[in-house]
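Close look at the chain arrangement
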Amino acid sequence: MTTSLPVEHGAEPTGTEDNYLTCDRGIKSWIFTLDHKRIGVMYLIFTMGSFLLGGVFALLLRTELLTPQKTIMDADTYNQMFTLHGAVMVFLFIIPGIPAAMGNFVLPIMLGAKDMAFPRLNLASLYLYVLGAVFAVLAIAMGGVDTGWTFYTPYSTETNTAVIPMTIGAFILGFSSVFTGINFIVTVQKLRPKGMTWFKMPLMLWSLYATAIIQILATPVLGITLLLLIIERALGVGIFDPALGGDPVLYQHFFWFYSHPAVYIMILPAMGIISEIISPFSRKHIFGYTFIAFSSIAIALLSFLVWGHHMFTSTQSPLASTIFSALTFSVAIPSAVKVFNWLATMFRGRLVLKTPMLWVLGFIFLFGIGGLTGLFLGALATDIHVHDTYFVVAHFHYTMFGGPVMAMMGGLFYWWPKFFGRMYKENWGRLSALLVFTGFNLTFFPQFIMGIRGMPRRYFNYPEKFEIFHQLSTIGSYVLAFGFLVVFFTLVHSLFRGKKAPANPWGSATLEWRCPSPPPHENFIEPPLVTDPYDFSILEYDEASDCYHLKPSAKLAEDGEVA
Amino acid sequence: MANDMTGISMLAQSDGRFWMPDAASTSAAEVDWVFSFIFWISAFFFALIVFLMLFFVIRYRWRKGQETKAMPNSNLTIEIIWTAIPFLVVATIFWVAFRAYMKLTVPPSNAYEIQVVGQKWKWLFEYPNGWVDDRLHVPGDRAILLTMRSEDIIHSMFIPAFRLKMDVVPGRYSKIWFKATKNGTFDIYCAEYCGTGHSDMTTQIVVHAPGGYERWLREASSLLSPTLRIQDLTDAAALARKIKSGTDPVSEFIRTSLTDAGTAGINAWNGSSEPNDALKALLISEINTILKGASIYDPERFASVTVAAETAALMEKNPEGEDQVQLNRFLLSDAMPDFFTRGPDMVEAGRYIYERKGGCASCHTLDGNANVGPSFLGIYGRSRDLEGGETITVDENYIRQSIIEPQAKVVLGYKDRSVMPTYKGRLSDREIGAIISFMKSAEVTGNEK
């Protein structure tokens, strides 16, 4: 489908007629491609497919919860559904979603490089992703898994569902994630062109770099943990199962040592996207660049010290809980700093309320609720009550959906013209953002109320008093699904009917907007001119082509400076 | 429902509170205070962020021809201020929540201890006198310490009204404590996912008014006891007369076995009026002392008594402990029929164990529908195919073995869901006997009509 796009570009002179989609044809040219953009596009298709699969599971879950007891499925099926929903969304969608799909595409171009440092490793990471996904699908085909995406022992040791294929899948996906992380770090360290200093890098690159640190340092722990679980299940070696002399709480420590940092693998690149969009759509330089950049690094490092806040009721010692609680609050500070700087960027700007910006505004609203409700969970006394209730379910959907998914959608609408060279219908895009925002709040806000009132999570059956909230939530999920249908339709429609995209439709100053849409195979024919990524005074708007261009004067000044 | 209810008030709780549920313990008040504290701080910051965002969207909306006003791209002072403010806010929240947490974590030294067992998919509570029940009964006027363990996988004790939650982990003990502030019944949930029946692993906590707990525990734990209770007396006056002036050997034996207080009490009675409660209680206590002693059987003493078949059968077994007490009660009933009942109703006791103490009901139905385990309806006396090809008849021995070694002989079709833990050491022989009596009763065999 995408390979047959026409070979035309925006008004920007390009020097070449072919772009990355058309320079090479045939299925083999995709399977064996080393082009980071093609790998990114394939990641995008697979992660979006996973999002659809996870979303279908979610709709089935919500439909089941319309009434207490059985609505459309029995308890065992329900247990499998929420496990698969969580596992697919976490391991196949959100973790690879922004870094591997979007990061792969934009990181080298934003940096001004021709490709990743290790293109073959990049392709290998895609292959591993597909292999991991095959194992996950195999697990579903073998009757599913019913442990919850957390695979807590000793339940995961003794349940007779397909735990081993699913954990092998997650194990392999972990390697895929590590490969991506290595590539990002080495690319940012080594492939910066002349003039691209650390502090001229777009903030997206800082956040992808911070993400990569977590991917490399935390993911191996998950791999080892899942391997130990597989060994225990398959060989009966006592590691976590007390019946075999193991310790089930040890598993939780190992698991969260990865899985808490993993939530920052999800949110950090999302924050990067927000910084990229909010500045050009406010027509104003980002405020507090250094603070936003270093807050990403701070979040990455602090994320390793807070895993125990998932375990306040796990029988870990009160002293440990106290220390983890204190450390947890420290992560709130760099996140708050980012939000304030984004608001300051909007202050006295000229806000362009196009689709990407609407997703960003939605992000700030939803992530604000997600972050602030985290205070209740980091605080010891209140966490004891709301832990493992719908309050937590609502909280992590506000952070993991309100954060990464909103940002990913924003990024998708922002970079779509760059990815595929087509403009979508602006008003349809805006409508989709509005629908998703509304549906999301209707789905998850009632869950805060239920949770505080004591509704435990992962409950097939529930007391009558919670029914009204479950029903509101289910209706919300249908609105949400409809919103994504509009997203899908808007984007696919643009591929066939959309206006050809110019090189720089939004007036962004980062380097990916200097090459044509879609970019040529090698991104840049000549090393691009590195400028301040948020200085829009170097651009001028050309009404005829509806495109922004570099002012000739800026070009000269920069040349002089570089020389 | 009142018809003036608006949409929002319909979502409120019966006591009008919107967020937190009923608060029924000392820690609930603490937690609710911390909750409100964080709530208002969050609400303030959220309102601030959304207000600024919307204000900027309206005020600084892009219009053709307008350019951005020049403004610095960073400001160290502002950055330091908005780093310091969140730091101070979260440090305060941490401290406030930590203080409340210490109160709800450290139990007072004089707390009344109850043992909790979590297992798929029920809660069982072991009281200090050994009685076990599937509901948590507590005195309302004392601090309670729950010492919890798991028979299988991880569960989590969650009492929303007390704002308490603690995992119950196999291989270790976990503890929580509380002091209730309201009498009544409150929900208990399992909050750690534990498989098929997770959402049905719920029960209640009953907080008793002063004295109520002790009364409940005495009543409940005497359910199976073969000793005599006041309500077992069917003719107190006749019994008292027999002891005061009966001439048969059994009456003489009782009279000579009385304590000094017993003798004085019976002598003070006029021999004809209905005994008052004090005398009844005295007689019960005297007779129970005799029942709990050695066997009262003596061929000469019982020469003129017709010994019932049930009594003879029990005597054959040379019973010990409670069964010995039961034998004495049978013998005494044979000698003095119509004055008091022969012992607890084993079918009723069996039902109580089925529903409560054993928690059997959570997996075995009485309506013929298979749940986690086979239904008990009509199972007694039938032959069943087992996993492994064998066929057995469900009799006393099979039921007993299934309780002590549940995995030894699993009924065909239940292997995959067989999660039953052993009840060895958790149910006495007498209790197992009661379950068997219950399963043999007309209601459970289905032979009622």
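Residues numbered from 1 in each chain as written. Chains lettered and ligands numbered in written order. Predicted model: local features only at pLDDT ≥ 70, side-chain atom pairs only at ≥ 80, totals over all residues.

**Quick look at the confidence of the model for chain A**
Low-pLDDT portions of the prediction should not be read for the details of their coordinates. Note the cut-off: You can read pLDDT as the predictor saying how much it trusts each residue, on a scale of 0 to 100. In this description, a residue-residue contact is defined by the distance between C-beta atoms placed from the backbone, which must lie within 7 Å.
Overall, the prediction assigns chain A a mean pLDDT of 90, with 95% of residues at 70 or greater. This model gives residues 1–16 of chain A a pLDDT under 50, and the stretch forms 37 contacts once residues within four places in sequence are excluded.

**Some thoughts on the sheet that holds strand β6 (residues 155–159) of chain B**
Residue and element names in this part refer to chain B. The line we're drawing: Between any two strands, pairing holds if DSSP finds at least two bridges. Each helix corresponds to a stretch of at least 4 residues labelled H or I by DSSP, and each strand to a stretch of at least 2 residues labelled E; elements are numbered beginning at the N terminus. For every element, the axis is a line fit to its C-alpha atoms; helices are fit only across the contacting stretch, and the angle between N-to-C directions ranges from 0 to 180 degrees.
The 5 strands are arranged β4-β10-β9-β6-β7 in an open sheet whose pairing can be described as mixed. In this open sheet, the two strands that pair with only one neighbour each are β4 (136–139) and β7 (164–168). Within this sheet the neighbouring strands show an average axis-to-axis angle of 25°, counted without direction. Here β6 pairs with strand β9 (residues 184–190) via 2 bridges, running antiparallel. The residue of β9 that forms the bridge with Phe158 is Tyr189.

**Brief notes about the sheet that holds strand β8 (residues 174–179) of chain B**
Strand pairing in a sheet relies on backbone hydrogen bonds, with the paired strands running either antiparallel or parallel. Residues and elements named next belong to chain B. Across the sheet, which stays open at both edges, the 5 strands sit in the order β3-β2-β1-β5-β8 with mixed pairing between neighbours. Sheet topology places β3 (132–133) and β8 at the edges, where each strand pairs with a single neighbour. Two strands pair when backbone bridges link them, and strand β5 (residues 143–150) and β8 are joined in this way by 6 bridges, in the antiparallel orientation. Across the sheet, the residue bridging to Ala143 is Lys179, located in β8.

**Concerning the nonpolar core**
Which entries qualify depends on this criterion: As used throughout, a nonpolar core is a set of buried Ala, Val, Leu, Ile, Met, Phe, Trp, Tyr and Cys residues joined through C-beta atoms within 7 Å of each other. Burial is judged by counting the other C-beta atoms within 10 Å of a residue's own C-beta: 20 or more makes it buried, 12 or fewer makes it exposed, and any count in between marks it as partly exposed, with every C-beta position built from the backbone.
Counting residues in each nonpolar core, the largest one holds 247 residues, and the members touching the most others are A:Leu205, A:Ile274, A:Ile364, A:Ala379, A:Ala381 and B:Met157. The leading source of residues in this core is helix α3 (residues 75–111) of chain A, at 24 residues. Core analysis: the second largest hydrophobic core is formed by 20 residues, B:Leu239, B:Ile254, B:Leu258 and B:Leu282 among them.

**As for helix α9 (residues 289–302) of chain A**
Spelled out, the test is: To estimate the expected span of a helix, subtract one from its residue number and multiply by 1.5 Å.
Here α9(A) spans 20 Å end to end across 14 residues, near enough to the 20 Å set by a 1.5 Å rise per residue. Looking at α9(A), one finds that the buried residues are A:Tyr289, A:Phe291, A:Ile292, A:Ala293, A:Ser295, A:Ser296, A:Ile299 and A:Ala300. Buried residues belonging to α9(A) abut α7 (203–235), α8 (248–278) and α10 (318–346) of chain A together with α3 (76–105) of chain B.

**Section: the interface of chain B and chain A**
So the rule is basically this: Side-chain classes are defined by residue name, with Ala, Val, Leu, Ile, Met, Phe, Trp, Tyr, Cys and Pro counting as nonpolar, Asp, Glu, Lys and Arg as charged, and the others, Gly among them, as polar.
Taken together, the contact between chain B and chain A spans 68 residues of the former and 70 residues of the latter. For the side of chain B that touches chain A, the elements supplying multiple residues, two or more each, are α2 (26–59), α3, β6, β7 and β9 of chain B. Here the residues of the side of chain B that touches chain A are counted per class, giving 42 nonpolar, 14 polar and 12 charged.

**Digging into the packing of α10(A) against α3(B)**
To keep it simple, the criterion reads: Small angles under 35 degrees read as roughly parallel and large ones over 145 as roughly antiparallel, with 65 to 115 read as roughly perpendicular and the rest as oblique. For a crossing to be left-handed, the near helix must be turned anticlockwise from the far one by less than a right angle; the clockwise case is right-handed.
Relative orientation of the contacting elements α10(A) and α3(B) amounts to 155°, with a least axis distance of 9 Å. Comparing the axis directions of α10(A) and α3(B) gives the class roughly antiparallel. In this structure, α10(A) crosses over α3(B), and the sense of that crossing is right-handed. Judged by residue contacts, A:Pro318, A:Thr322, A:Ser325, A:Ala326, A:Phe329, A:Ala332, A:Ile333, A:Ala336, A:Val337 and A:Phe340 of α10(A) engage B:Trp82, B:Thr83, B:Pro86, B:Phe87, B:Val90, B:Ile93, B:Phe94, B:Phe98 and B:Thr105 from α3(B). When the residues that make up the contact of α10(A) with α3(B) are grouped by side-chain class, the tally is 15 nonpolar, 4 polar and no charged.

**Overview of helix α15 (residues 467–497) of chain A**
Taking 1.5 Å as the rise per residue, α15(A) with 31 residues should run 45 Å; its terminal C-alpha atoms sit 45 Å apart, in good agreement. Every buried residue belonging to α15(A) is among A:Phe469, A:His470, A:Ser473, A:Thr474, A:Gly476, A:Ser477, A:Leu480, A:Gly483, A:Val487, A:Thr490, A:Leu491 and A:Ser494, and all of these are buried.

**Concerning the domain arrangement of chain B**
The condition that has to hold: Reported domain spans reflect what an automatic or database domain assignment gives.
In terms of domain boundaries, chain B breaks down into domain 1 (26–61 + 74–105), domain 2 (112–221), domain 3 (230–335) and domain 4 (346–445). One C-alpha centre belongs to domain 1 of chain B, the other to domain 3 of chain B; they are set 73 Å apart.

**Considerations on the pairing of strand β3 (residues 539–542) of chain A**
All names here are of chain A. One ladder, built from 4 bridges, connects β3 with strand β4 (residues 547–550); its direction is antiparallel. By the bridge assignment for β4, Tyr541 is matched with Tyr548. With antiparallel pairing between neighbouring strands as the criterion, β3 and β4 make up a hairpin whose turn holds 4 residues, including Asp546 at a positive phi of roughly 50°.

**Describing the packing of helix α11 (residues 346–357) of chain B against helix α13 (residues 429–440) of chain B**
Residues and elements named next belong to chain B. Where α11 meets α13, the closest approach of the two axes is 7 Å, and the angle between their N-to-C directions is 105°. When the interaxial angle is binned, α11 and α13 end up roughly perpendicular. Between α11, through Met346, Val347, Ala349, Gly350, Arg351, Ile353 and Tyr354, and α13, the contact on the second element is made entirely by Glu431, Gly433, Ala434, Ile435, Ser437 and Phe438. By residue class, the composition of the contact of α11 with α13 is 8 nonpolar, 3 polar and 2 charged.

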